[in-house]
Amino acid sequence: VEKSALQGHAAAQENLAAIYEAGDDGVPQAYKKAAYWYELAALQGFSLAQKRLGLLYSEGNGVLKDPVKAVYWFRQ
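Computed from a predicted model, the values in this text were never measured in an experiment.

Undergrad: Looking at this structure, I do not really get the nonpolar core. What am I missing?
TA: The nonpolar side chains of a soluble globular protein tend to be buried, and buried together. Within the largest apolar cluster, 19 residues are counted, with the highest numbers of intra-cluster contacts made by Trp37, Tyr38, Leu53, Leu56 and Tyr57. Put simply, the parts of the chain that give this core at least two residues each are helix 2 (10–22), helix 3 (31–43), helix 4 (47–59) and helix 5 (67–75). Looking at this core element by element, the count peaks at six residues for helix 3.

Below, the structure written as structure tokens:
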């Protein structure tokens, strides 16, 4: 997954972000890394990543809590 994510594939970036967010597959939970990968996918228009990034901003997980950015990503 990481190789595809590094190559710019939005679905792989979202998948990798979800792994970091949940701490799956033996990977420790890392919200900052999740936010990084969600943002890369979100900027490519990947709607699930936009929603998940909005949730991170609304909860302040891995990013500073920012309701304005949360709403922005939810509306994309």
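Undergrad: Teacher, can you tell me more about the side chain of Gln50 here?
TA: Its location among the elements puts Gln50 in helix 4. The residues contacting Gln50, other than those within four sequence positions of it, are Ala42, Gly45, Trp73 and Gln76.

Undergrad: Mind showing me how you'd approach the side chain of Glu21 here?
TA: Within the secondary structure, Glu21 is located in helix 2. When near neighbours in sequence (up to four residues on either side) are disregarded, Glu21 contacts Gln29, Tyr31, Ala34, Tyr38, Arg52 and Leu56.

Each value, and the rule that gives it
Residues numbered from 1 in each chain as written. Predicted model: local features only at pLDDT ≥ 70, side-chain atom pairs only at ≥ 80, totals over all residues. Heavy atoms only, no water. Core = buried A, V, L, I, M, F, W, Y, C linked by side-chain atoms within 4.5 Å. Buried < 20%, exposed > 50% of the residue type's maximum accessible area, 1.4 Å probe, protein only. Helix = DSSP H or I, 4+ residues; strand = E, 2+ residues; numbered from the N terminus. Contact = heavy atoms within 4.5 Å.

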